[in-house]
Amino acid sequence: MKFCSKPLERKLGAGASGQVFKVGEKTAIKLICLTRDEKNFLNHGICEPLEIDILSRFKHPNILHKLGIQTCSQGIGIVLPLLNTVKNTKASIDTRIKWCYQLAVALDILHSNNLIHMDIKPENVLIDDNNNLVLSDFGLACQTTNGEFQINRTTMRGTLPYIPPEMIWSFEKNIKPSVFTTKMDLWSYAVTCNHLLQGNLWRRFFDSIDSIDDPRILNKIVIYNEEDRYNVMRDSLPNPEAVGDFVFLLSMTISPNPLDRPSAQDIVRFFSSSPY
């Protein structure tokens, strides 16, 4: 298979906005799905998809940055550095805690620019050659107004089990438009960090669920009592003593009430004042 005359060696993954292929030893290319109008706008320099804008705008070591853009009759391809996945990276607990900090830094940058990632999960977390975390895949990202945005649609954004309960509730009750905030990403952050720390939070439970309509989901993930949330988070980690007070912070971040969750900036400040 070729794209703009370049051979695509193998498929690395696929998401809501396109597919990623390996191209050469150190690069990958993401083929973006665009409407005909979007292609016309892009060709005339009028506008570009938000994903491309984010990959161009931020030059930060914890946020993926594009190497280039290729357009041809087949569509548009974003040339990206070829990085490792978390699944294929061996690391100590100290390094994994560092990854949690770096993910919070990346989210703080996005949120301070009125952006919500909308799909934080281990598959969208990459590791560079220096063992640093790099956040990727902005295909579902949303531009917000004062940290809020509205959804007036019938399909849900995100991936189980990283979708926060407020989104599940809104679709169960058919609330349109639904208003969401940057705190959505924080729920996904907590579940992702549990995975990064080699925990098993809800993993076994969700292995048997393949539909967002399954009524067991909210009964399992919504824990109203603060102490119960702490115990669930702590018990899911293989080495909670090594994680220290971060366990408590993660338990706050899976609060069913978005207002009770710490912000990404709060988590960055926690790490800045902690011994990690």
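Residues numbered from 1 in each chain as written. Predicted model: local features only at pLDDT ≥ 70, side-chain atom pairs only at ≥ 80, totals over all residues. Heavy atoms only, no water.

Asks: What exactly am I supposed to notice about unusual backbone geometry here?
Replies: Leave glycine aside and you will find that most residues have negative phi; peptide bonds, for their part, are mostly trans. Of note, the phi angle at D137 is positive, near 55°, even though the residue is not glycine. Here D137 is to be found in the loop between strand 11 (133-135) and strand 12 (142-143). Here Q198, not a glycine, exhibits a phi torsion of approximately 65°, which is positive. By secondary structure assignment, the location of Q198 is in the loop between helix 5 (183-196) and helix 6 (203-206). (Helix = DSSP H or I, 4+ residues; strand = E, 2+ residues; numbered from the N terminus.)

Asks: Whenever I open this one, the packing of aromatic side chains confuses me. Can you help?
Replies: Between two aromatic rings, the relevant description is the distance of the centres plus the angle of the planes. Going through the model one piece at a time under the given rule, you end up with 4 aromatic pairs. Summarising the aromatic geometry, the rings of F246 and F270 are spaced 6.1 Å apart at their centres and angled 20° between planes, so their arrangement reads as stacked. With F246 in helix 10 (residues 246-253) and F270 in helix 11 (residues 264-272), this residue pair connects regions lying 24 residues apart in the sequence. Judged by relative accessible area, which is 18%, F270 ranks as buried. What links up through ring pairs into an aromatic cluster is the set Y101, F246, F270 and F271. (Phe/Tyr/Trp six-rings, centres within 6.5 Å; stacked < 30°, edge-to-face > 60°. Buried < 20%, exposed > 50% of the residue type's maximum accessible area, 1.4 Å probe, protein only.)

Asks: Quick question: what am I supposed to make of the sheet that holds strand 8 (residues 84-85) here?
Replies: Strand pairing within a sheet occurs via backbone hydrogen bonds; the two strands may be parallel or antiparallel. The 3 strands lie next to each other as 8-10-11, forming an open sheet whose pairing is antiparallel. Strand pairing shows two members of the sheet lacking a second neighbour, strand 8 and strand 11, which therefore form its edges. Here strand 8 runs beside strand 10 (residues 125-127); their pairing, made up of 2 bridges, is antiparallel. By the bridge assignment for strand 10, N84 is matched with I127. Where helix 3 (residues 93-112) meets the sheet, it contacts strand 10 and strand 11, and its direction lies at approximately 30° from that of strand 11. (Pairing = 2+ DSSP bridges. Contact = heavy atoms within 4.5 Å. Axes fitted to C-alpha atoms, helices over the stretch in contact; angles between N-to-C directions.)

Asks: What's the story with the pairing of strand 5 (residues 27-32) in this structure? I'm lost.
Replies: Two faces belong to every sheet, and in a regular strand the side chains alternate between them. Most of strand 5 is tucked away: 5 of the 6 residues are buried. The antiparallel hairpin formed by strand 4 (residues 18-23) and strand 5 contains 3 residues in its connecting segment, where G24 sits at a positive phi of about 80°.

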